[in-house]
2 protein chains.
Amino acid sequence: MSRMALDYESINENMKKAQYAVRGELYLRASELQNEGKKIIFTNVGNPHALGQKPLTFPRQVVALCQAPFLLEDPNVGLLFPADAIARAKHYLSLTPGGLGAYSDSRGIPAIRKEVAEFIGRRDGYPSDPELIYLTDGASKGVMQILNTIIRGEGDGILVPVPQYPLYSATIALFGGSLVPYYLEETANWGLDINDLRQSVAQARSKGINVRAMVIINPGNPTGQCLSEANLIEILKFCFQENLVLLGDEVYQQNVYQDERPFISSRKVLLDMGPPISKELQLISFHTVSKGYWGECGQRGGYFEMTNIPPKTVDEIYKIASISLSPNVPAQIFMGLMVNPPKPGDISYDQYIRESKGILESLRRRARIMTDGFNSCRNVICNFTEGAMYSFPQIRLPPRAIEAAKKLGKMPDVFYCLKLLEATGISTVPGSGFGQKEGVFHLRTTILPAEEDMPEIMASFKKFNDSFMEEYEDHRGYSRM
Amino acid sequence: MSRMALDYESINENMKKAQYAVRGELYLRASELQNEGKKIIFTNVGNPHALGQKPLTFPRQVVALCQAPFLLEDPNVGLLFPADAIARAKHYLSLTPGGLGAYSDSRGIPAIRKEVAEFIGRRDGYPSDPELIYLTDGASKGVMQILNTIIRGEGDGILVPVPQYPLYSATIALFGGSLVPYYLEETANWGLDINDLRQSVAQARSKGINVRAMVIINPGNPTGQCLSEANLIEILKFCFQENLVLLGDEVYQQNVYQDERPFISSRKVLLDMGPPISKELQLISFHTVSKGYWGECGQRGGYFEMTNIPPKTVDEIYKIASISLSPNVPAQIFMGLMVNPPKPGDISYDQYIRESKGILESLRRRARIMTDGFNSCRNVICNFTEGAMYSFPQIRLPPRAIEAAKKLGKMPDVFYCLKLLEATGISTVPGSGFGQKEGVFHLRTTILPAEEDMPEIMASFKKFNDSFMEEYEDHRGYSRM
């Protein structure tokens with residue numbers, strides 16, 4: 001019998017190759033357990049509001065008014081909304097003829113792209129061109145658009161950090177390209193060694209892979225490190241020498257939990273370097289409303305900015321964006337609000353500062369509690385979470401645990417994480433979902449559970465881990481921490 | 001000098017092949033003219049709110065409350081919102097732990113998919129399974145996901161009506177597949193002849209194309225026809241015989257302007273036919289919140305429903321959806337509201353009925369005004385717009401106009417539409433953007449301008465057209481209408 005196109009055997013093979021562990025086996029099992037009534041702590045995905053982070057009030061007031069513009073004509077509106085939220089809603093509605101229900105320009109509302117450009121200009125000290133900023137339904141959609149533009153077939157390689165956020169590996173597989181891994185060095189605080197990078201490129205080229213682009217995630221996901229300016233300069237020089245487009249995933253730029261290395265954008269470092277590199281290196285930078293103290297994941301808002309991309313390519317990207325008509329308009333307004341929050345003197349300013357500082361300071365404390373918690377556990381070591389939303393501890397699994405996993409046909413880290421889930425309800429992602437060196441095992445957890453729950457969660461983790469180690473250690477070969 | 005990956009010469013060639021005329025040359029020129037201060041009537045895209053259609057009040061109230069859940073605790077909330085909107089907002093918030101700011105399940109919020117399933121069950125008289133309904137950021141994104149699943153390379157062909165909505169041609173080009181056209185017959189009210197269809201398939205197969213799926217758009221875009229049950233039965237039988245997946249684009253199911261052929265879903269017709277076809281034919285049906293009397297284009301909400309798709313394929317589609325985490329949550333709530341509007345006895349029921357009937361009845365009158373208007377013009381003939389949002393008149397261009405276009409290196413219909421735009425501000429899409437038979441020319445316009453503006457717009461069109469014809473006719477060969 002001949003197969004139909006949607007029979008499993010006859011669908012696009014690249015789909016099957018794509019793996020996305022953040023919502024993989026562990027997540028599916030956690031969802032099952034939740035349906036059975038078990039309390040699950042979903043730390044598998046950076047989804048702050050799902051774990052109780054409250055949305056910032058001002059942007060929600062503005063977007064609510066934009067959704068219901070008839071409220072602006074109601075004499076009672078001032079009882080529920082402050083005057084600056086009302087004014088801002090009127091501002092955005094004046095920019096969107098047809099309101100939130102009309103498709104915008106496929107690149108996003110021009111005036112909001114201008115607000116984004118002004119934000120970038122203030123941040124970097126170099127003006128930015130709104131025509132080179134495209135709004136997207138979350139940063140992931142932007143990354144997918146750009147990878148689709150670059151990848152022509154399996155001969156095209158993309159340098160991706162390992163461990164990496166699997167958006168990259170999954171999308172490269174889906175578009176039929178080749179992932180070229182470069183390893184981050186755990187013992188050097190997940191730093192990046194340019195010599196290793198050079199070797200990765202040489203090795204890929206020797207296999208006939210045309211390495212075309214390099215991804216950096218700064219602050220790192222899942223690894224949490226913040227790149228120094230010196231490291232960024234090295235990376236940019238390397239991309240320039242090797243003729244690589246740099247994709248700068250900077251969605252965690254608000255999430256920084258130490259003061260030695262504040263966030264610095266790839267674009268600023270590039271422009272600081274001056275010609276010829278500042279005029280020639282092709283750079284795409286990504287940002288989002290889903291992370292930081294916003295955490296508005298469900299709204300799906302993001303942008304990418306293009307530096308040194310030829311106008312004809314910019315036009316092609318526009319044309320492809322136009323096939324799906326426009327990014328969702330409410331999230332465009334969230335983006336406008338994120339890059340242009342209340343200012344000193346505005347009615348809502350104090351509240352905005354109180355809320356955003358409160359979230360960020362708590363995240364900083366949680367990063368510390370979590371890292372320290374992991375480091376207090378037997379056979380677990382964890383670099384400090386300098387930024388982003390994740391801890392990525394290494395779990396030194398005893399040989400007997402590795403054997404037990406193999407018997408069940410599971411990766412050792414999957415085995416460990418499943419046991420953790422069943423014992424504690426903590427839903428993590430095994431390190432193998434992000435890539436790790438051979439024979440080394442990790443897990444990723446977000447630092448997002450509520451601060452007051454954190455000590456209990458870490459105690460529960462420690463109890464599970466230490467008894468797991470007790471069970472599987474042979475009490476001869478392994479030293480205790 | 002070696003090229004960088006985002007140089008125009010070295011990007012993905014499939015991107016360059018994709019064409020999307022709805023936002024093509026005409027749209028870009030219209031935007032330029034608008035920036036120069038000229039009044040433009042954008043009838044190029046089915047974007048009702050942009051042309052003054054008011055959003056329905058009740059859904060906007062509910063979504064505004066969901067965006068600002070703190071209002072629900074405000075003692076004054078009842079001054080601005082009716083009790084049923086408040087109750088519904090509480091209902092949706094209870095379904096989304098974390099509210100609108102949290103990623104949902106990648107397939108959409110389970111309880112809203114259940115509401116969609118219940119709607120489909122009521123509509124078709126057959127129960128629907130929420131597990132086979134995936135919410136998407138607008139129907140276009142769903143179509144792209146499914147085509148990505150089907151297309152493996154240029155040997156895979158997709159049957160697409162001509163004229164067609166260019167989402168299909170553009171997406172097939174982008175994914176590197178082959179479009180297999182079948183022609184709709186203008187003189188038979190844009191009907192579909194199964195013998196022609198059979199011929200299209202035979203011809204494609206003789207070229208080595210593996211025809212895998214067939215697209216129907218019902219009601220038609222850009223052609224406006226509504227398919228009869230008899231025609232749908234023929235189509236389904238044909239797909240079954242030829243082993244084709246049917247993609248049913250039914251986004252205009254609320255937009256029907258005649259009573260002889262009410263909307264009937266492909267799924268209902270399929271299930272009415274009984275086994276074996278009802279148990280075996282693979283069908284994907286698409287719907288949206290962007291059309292009908294909702295017109296909530298900017299929110300980007302849609303769904304697709306899978307019938308007879310094997311579970312392993314359903315899982316693969318889920319996995320790929322999960323790479324971009326989740327469809328935007330506010331639009332999921334709009335979808336819930338669309339499939340579950342106020343009921344008789346609810347406070348907001350009368351208003352909801354008044355608003356939705358008002359929009360639909362006005363569209364019906366506009367369809368008539370526009371079709372009659374076109375038919376009163378020299379060398380223009382137009383089938384009645386039975387459904388959807390478009391008129392697609394044929395423009396019989398005199399040979400001298402065709403020559404004049406060729407001299408400028410333009411398609412004749414592009415030449416005509418540009419002249420129309422410059423003379424009247426009416427921004428249409430040339431028929432060549434949708435495909436048409438050799439030597440026959442059309443344009444597409446929406447029926448969406450405000451009803452009170454319609455007579456003036458049609459008068460302005462007629463004045464332009466008739467003087468265009470006067471200019472280019474040689475006054476010998478052509479008869480006047």
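Rules and cut-offs
Residues numbered from 1 in each chain as written. Chains lettered and ligands numbered in written order. Predicted model: local features only at pLDDT ≥ 70, side-chain atom pairs only at ≥ 80, totals over all residues. Heavy atoms only, no water. UniProt positions renumbered as here; feature names shortened; annotations may be inferred. Helix = DSSP H or I, 4+ residues; strand = E, 2+ residues; numbered from the N terminus. Buried < 20%, exposed > 50% of the residue type's maximum accessible area, 1.4 Å probe, protein only. Contact = heavy atoms within 4.5 Å. Areas by Shrake-Rupley, 256 points an atom, 1.4 Å probe, with all protein chains shown as cover. Lys, Arg positive; Asp, Glu negative; His and termini not counted. Charge placed at Lys NZ, Arg CZ, Asp CG, Glu CD. Pairing = 2+ DSSP bridges. Disulfide = S-S within 2.5 Å. Least-squares fit on C-alpha atoms with pLDDT ≥ 70 in both. Right-handed = clockwise from strand over helix to strand, strands pointing away. Buried area = accessible area lost by both parts, 1.4 Å probe. Salt bridge = Lys/Arg side-chain N within 4 Å of Asp/Glu carboxyl O. Nonpolar A, V, L, I, M, F, W, Y, C, P; charged D, E, K, R; others polar.

Going by what an unreviewed UniProt entry lists, chain A is known as Glutamate--glyoxylate aminotransferase 2-like and is assigned to Cucurbita maxima. Under the Sequence similarities (unreviewed entry) heading, UniProt states for chain A: "Belongs to the class-I pyridoxal-phosphate-dependent aminotransferase family. Alanine aminotransferase subfamily." The UniProt entry for chain A carries the following comment under Cofactor (unreviewed entry): "pyridoxal 5'-phosphate".

1. Considering the overall build of chain A
Of the regular secondary structure elements, chain A holds 18 helices and 14 strands. Within the span of chain A, comprising 481 residues, buried residues form 65% of the whole. Counted over contacts in chain A with a minimum sequence separation of 6, partners at least 24 positions apart contribute 73%. A total of about 17,200 Å² of accessible surface is found on chain A, and carbon and sulfur atoms cover 52% of it. One finds the centroid of the 51 positive side-chain charges in chain A at a distance of 2 Å from the centroid of its 54 negative side-chain charges.

2. Re the sheet that holds strand S13 (residues 429-430) of chain A
By way of backbone hydrogen bonds, the strands of a sheet pair with one another, either parallel or antiparallel. Residue and element names in this part refer to chain A. The sheet built from 3 strands is open, its strands ordered S10-S14-S13 with antiparallel pairing. Strands at the two margins of the open sheet, each flanked by one partner only, are strand S10 (390-391) and S13. Relative to strand S14 (residues 443-446), S13 runs antiparallel, the two sharing 2 bridges. Across the sheet, residue Pro 430 finds its bridge partner in S14, namely Leu 443.

3. Description of the state of the cysteines
Put plainly, two cysteines are in a disulfide when a covalent bond ties their sulfur atoms together. According to the stated counting rule, one finds 0 disulfides over all chains in the structure shown. Unpaired in terms of disulfides, Cys297(A) finds its nearest cysteine sulfur in Cys66(B), a separation of 17 Å. We note that Cys377(A) lacks a disulfide partner, and the nearest cysteine sulfur, in Cys382(A), lies 10.0 Å from it.

4. Some words on the relation of the copies chain B and chain A
Each copy superposes on the other: chain B lies on chain A with an RMSD of 0.0 Å after a rotation of 180° and an axial shift of 0.0 Å. Within this description, the copies of the chain are treated as partners about a two-fold rotation axis. It is Ala64(B) whose C-alpha, among those of chain B, lies nearest the rotation axis, at 2.1 Å. By residue overlap, the copies meet face to face through one surface: 100% of the interface positions of chain B are interface positions in chain A.

5. Quick look at the pairing of strand S6 (residues 245-249) of chain B
Residues and elements named next belong to chain B. By the criterion of burial, S6 is predominantly enclosed, with 5 of the 5 residues buried. The alternating pattern of S6 places Val 245, Leu 247 and Asp 249 and Leu 246 and Gly 248 on opposite faces, both of which are buried. Both strand S5 (residues 210-217) and S6 contribute to a ladder of 5 bridges, which runs parallel. Note that in S6 the partner of Ile 216 across the bridge is Gly 248. Read as a crossover between parallel neighbours, the route from S5 over helix H10 (residues 229-242) to S6 is right-handed. Bridging between S6 and strand S7 (residues 283-288) involves 4 bridges; their strand directions are parallel. Of the residues in S7, the one forming a bridge with Leu 246 is Leu 283.

6. Some points on the interface of chain B and chain A
The parts lose accessible area when they come together, and the size of an interface is often stated as this lost area. On the side of chain A, 97 residues touch chain B, which itself brings 97 residues to the contact. The junction of chain B with chain A conceals about 8,100 Å² of combined surface from both sides, 60% of it contributed by carbon and sulfur atoms. Of all residues in chain B, Leu6(B), Tyr103(B) and Ile323(B) give up the largest surface area on contact with chain A, accounting jointly for 10% of the area buried on that side. Where chain B meets chain A, there are 2 salt bridges. A salt bridge links Lys141(A) to Asp137(B); the nearest nitrogen and oxygen atoms lie 3.8 Å apart. With 9 residues, helix H13 (residues 311-323) of chain B is the largest single contributor of residues to the side of chain B that touches chain A. Taken together, the residues of the side of chain B that touches chain A break down into 49 nonpolar, 30 polar and 18 charged.

7. Details of the pattern of salt bridges
Residue and element names in this part refer to chain B. Evaluated as defined, the whole model comprises 54 salt bridges over all chains. For Arg 3, the salt bridge identified is with Glu 9, shortest N-O distance 3.5 Å. For Glu 9, a relative accessible area of 44% puts it in the partly exposed group. For the salt bridge of Arg 267 with Glu 305, the shortest nitrogen-to-oxygen distance reads 3.1 Å. On the criterion of sequence distance, the pair formed by Arg 267 in helix H11 (residues 266-273) and Glu 305 in strand S8 (residues 302-307) is long-range, its members being 38 residues apart. Across the pair, exposure class does not vary: Arg 267 and Glu 305 are buried alike.

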